[in-house]
Amino acid sequence: MTDLEQNSMDNENVSMKAAMESVHEVQVGDIVKGEVLALEDKQVIVGIEGAGVEGVVPAKELSTLPVEDINEEVKVGDILDLVVISSIGKDKENGSYLLSKRRLDAKKVWEDIEKEFQAGNIIEAPVTSSVKGGLVVDVGVRGFVPASMIDDHFVDDFSAYTGKTLKFKIVEIEPSENRLILSHKAVVEAEKSEKKKEILADLYEGQVIKGQVARLTDFGAFVDLGGIDGLVHVSEISHSHVAKPADVLSVGDEVEVQVLSVDPEKERISLSIKANLPGPWTDIEEKAAPGSVLEGTVKRLTSFGAFVEIFPGVEGLVHISQISHKHIATPHEVLHEGDQVQVKVLEVHPEDHRVALSIKALEEKPEEAKAEPVEEESYELPEENTGFTMGDILGDALKDDSENQE
């Protein structure tokens, strides 16, 4: 044998030895690389690198997501990272193995989710379906949202969330049991809390803003200011009397409100609708000019006269001496609360919210009518502040007494 032939044989032996040493035995649980050799209907055939054997990857083991078409997932020549599930060959030398890409991907997903959980991060994922107890979410692995953690309000129809991509807080994670509990409610509450802080920081007394009526109660209306509710007390809805908020407002109404006060610590906001509305006494000199004749409603009767509402929120006083040309001891003799009467405006004092009215000025004076003195003690000041002075209340009575003394 020549030296050349000997060298060639030695090289072949070295190559064969190297090739034999490079081939390793495949064990269940090994992570291997596989080259896609062929695509079949329900599986992928791969060659396991360094093992000299083939493996099979079923369609359901290709991805953590459902696989409808294998051709959309892989193609011949692709190199895949796989984990060995089991041996399906008759012997180790020529047998093949059952492999999974999905389980390897899922392992990495669990590791990533664990990191997000430890960091307290919020994750996003699509809702794939709704079940009796909540929502099923795909985060690379199956996540579950219990019904009580779906939203910050009661949810009757879970199906409305299917197909939506939502933000979630990781509540519980247990990879060994494939257990992943998520909460969308926690995210919603945190976002609302942050929004409330921003709104409260920007609000100030006297500010005029727009909002939407969110709820109605017997004592007022709650108005949504874009993330936090403020209360319009029933007394701040209108300048005229409002028995119940529902009488003048409806849920969903757009309203303009003025901020009365803000308490950031208690997250309380007091609002007023009527503060932005023209007051009942606005332009009263034009609406009730001296000499004008108006129709009104008798609201209250006292010993010294009758208070007549001539506009919503505007009452004028008809002194007892201006009720009738005939002498009357009390207004109750000719008037009743709720009566509709015509009155003539005598005086207007907008700054004092005071209007003097007369009923008898619109009636023809009987010829035989004579002024009769009225005892001063028959008059009394009203309990509340009416805007009228003692002189206004006693009116012509003092004048008549003075004339009689002369």
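Bear in mind that the values here come from a model prediction, so they are computed numbers and not experimental data. (Residues numbered from 1 in each chain as written. Predicted model: local features only at pLDDT ≥ 70, side-chain atom pairs only at ≥ 80, totals over all residues. Heavy atoms only, no water.)

This brings us to the pairing of strand β13 (residues 229–233). Of the two faces of β13, the one lined by Gly230 and Val232 is fully buried and the one lined by Asp229, Leu231 and His233 carries no buried residue. In the sheet, strand β12 (residues 220–224) pairs with β13 via 5 bridges, with the strands oriented antiparallel. If you follow phenylalanine 222 over to β13, its bridge partner there is leucine 231. Between the antiparallel neighbours β12 and β13 lie 4 residues, among them glycine 226 with a positive phi of about 105 degrees. For β13 and strand β15 (residues 268–272), the ladder comprises 2 bridges, and the chain directions are parallel. Residue pairing for β15: valine 232 is matched across the bridge by leucine 271. (Buried < 20%, exposed > 50% of the residue type's maximum accessible area, 1.4 Å probe, protein only. Helix = DSSP H or I, 4+ residues; strand = E, 2+ residues; numbered from the N terminus. Pairing = 2+ DSSP bridges.)

Where like charges cluster on the molecular surface, the negative patch consists of Asp283, Glu285, Glu286, Glu351 and Asp352. Inspection of the secondary structure assignment puts aspartate 352 in the loop between β19 (340–349) and β20 (354–358). Aspartate 352 gets classed as partly exposed once you look at its relative accessible area, which sits at 41%. (Patch = residues over 30% accessible without salt bridge, like charges linked within 9 Å, V, L, I, M, F, W, Y side chains within 5 Å. Areas by Shrake-Rupley, 256 points an atom, 1.4 Å probe, with all protein chains shown as cover. Salt bridge = Lys/Arg side-chain N within 4 Å of Asp/Glu carboxyl O. Lys, Arg positive; Asp, Glu negative; His and termini not counted. Charge placed at Lys NZ, Arg CZ, Asp CG, Glu CD.)

With that out of the way, let us pick up the layout of surface pockets. As a volume, the second largest pocket reaches approximately 320 Å³. Lining the second largest pocket are 19 residues, and of these Thr64, Arg102, Gly140, Val141 and Arg142 sit closest to its centre. Elements represented by at least two residues in the lining of the second largest pocket include exactly α2 (102–119) and β7 (134–138). Looking at the lining of the second largest pocket, its residues break down into 9 nonpolar, 5 polar and 5 charged. (1 Å grid on protein atoms, 1.4 Å probe; cavity = no way out; pocket = protein on both sides within 12 Å on 5 of 7 lines; lining within 4 Å. Points joined across faces, edges and corners; volume = space filled by probe spheres on them. Nonpolar A, V, L, I, M, F, W, Y, C, P; charged D, E, K, R; others polar.)

Let us look at α2. With 18 residues, α2 extends 26 Å between its outermost C-alpha atoms, agreeing within 8% with the 26 Å of an ideal straight helix rising 1.5 Å per residue. All of the buried residues along α2 are Leu104, Ala106, Val109, Trp110 and Ile113. Positive phi shows up at glycine 120, right after α2, with a value of about 75 degrees. (Expected span 1.5 Å × (residues − 1).)

The strand order around the closed barrel built from 5 strands is β11-β12-β13-β15-β14, with neighbouring strands paired in mixed fashion. Taken pair by pair, the neighbouring strands of this sheet meet at an average axis angle of 55 degrees, ignoring direction. Bridge count for strand β11 (residues 208–216) against strand β14 (residues 254–263) is 5 bridges, and the pairing is antiparallel. Paired with glycine 211 across the bridge in β14 is valine 255. (Axes fitted to C-alpha atoms, helices over the stretch in contact; angles between N-to-C directions.)

All right, on to the packing of aromatic side chains then. Remark: the centre distance and the inter-plane angle together describe each pair of aromatic rings, the angle taken between the planes. By the definition in use, this model includes 2 aromatic pairs. The ring of tyrosine 161 carries the charged tip of lysine 164 above its face, separated from the ring centre by 5.8 Å. Over the ring of phenylalanine 311 we find lysine 287, and its NZ or CZ is 5.1 Å from the ring centre. (Phe/Tyr/Trp six-rings, centres within 6.5 Å; stacked < 30°, edge-to-face > 60°. Lys NZ or Arg CZ within 6 Å of the ring centre and 35° of its normal.)

What follows deals with unusual backbone geometry. You will see that asparagine 178, though not glycine, has its phi angle at about 50 degrees, which is positive. With respect to the element layout, asparagine 178 can be found in the loop between β9 (165–174) and β10 (179–183). Of note, aspartate 283 is a non-glycine position whose phi angle comes to about 55 degrees, a positive value.

What follows covers the side chain of aspartate 78. Following the sequence through the fold, aspartate 78 ends up in the loop between β3 (53–58) and β4 (79–87). At 2.9 Å, the side chain of aspartate 78 and the backbone nitrogen of lysine 75 are in polar contact. Those residues in contact with aspartate 78 that sit more than four places away from it in its chain are Gly34, Glu35 and Val36. (Polar contact = N/O pair within 3.5 Å; in protein donor to acceptor, adjacent residues only side chain to side chain. Contact = heavy atoms within 4.5 Å.)

With that out of the way, let us pick up the sheet that holds strand β1 (residues 31–39). Strand order in the closed barrel formed by 5 strands is β1-β2-β3-β5-β4, and the pairing between neighbours is mixed. Averaged over all neighbouring strand pairs, the angle between strand axes comes to 50 degrees, with direction disregarded. Pairing analysis gives 6 bridges linking strand β2 (residues 43–48) to β3, with the strands arranged antiparallel. Bridging from a neighbouring strand, valine 46 pairs with glycine 55 of β3. α2 rests against β1, β4 and β5 (97–100) of the sheet, and its axis sits at about 105 degrees to β4.

Right, let's get into the pairing of β11. Here β11 runs beside β12; their pairing, made up of 4 bridges, is antiparallel. Of the residues in β12, the one forming a bridge with glutamine 212 is aspartate 224. Connecting β11 to the next strand, β12, in antiparallel fashion are 3 residues.

Here the focus is the side chain of glutamine 207. If you trace the backbone, glutamine 207 turns up in the loop between α3 (185–202) and β11. What makes glutamine 207 buried here is its relative accessible area of 14%. Beyond its immediate chain neighbours, meaning those up to four positions away, glutamine 207 contacts Asp202, Val257, Gln258 and Val259.

Any functional reading would require information that these geometric values do not contain.
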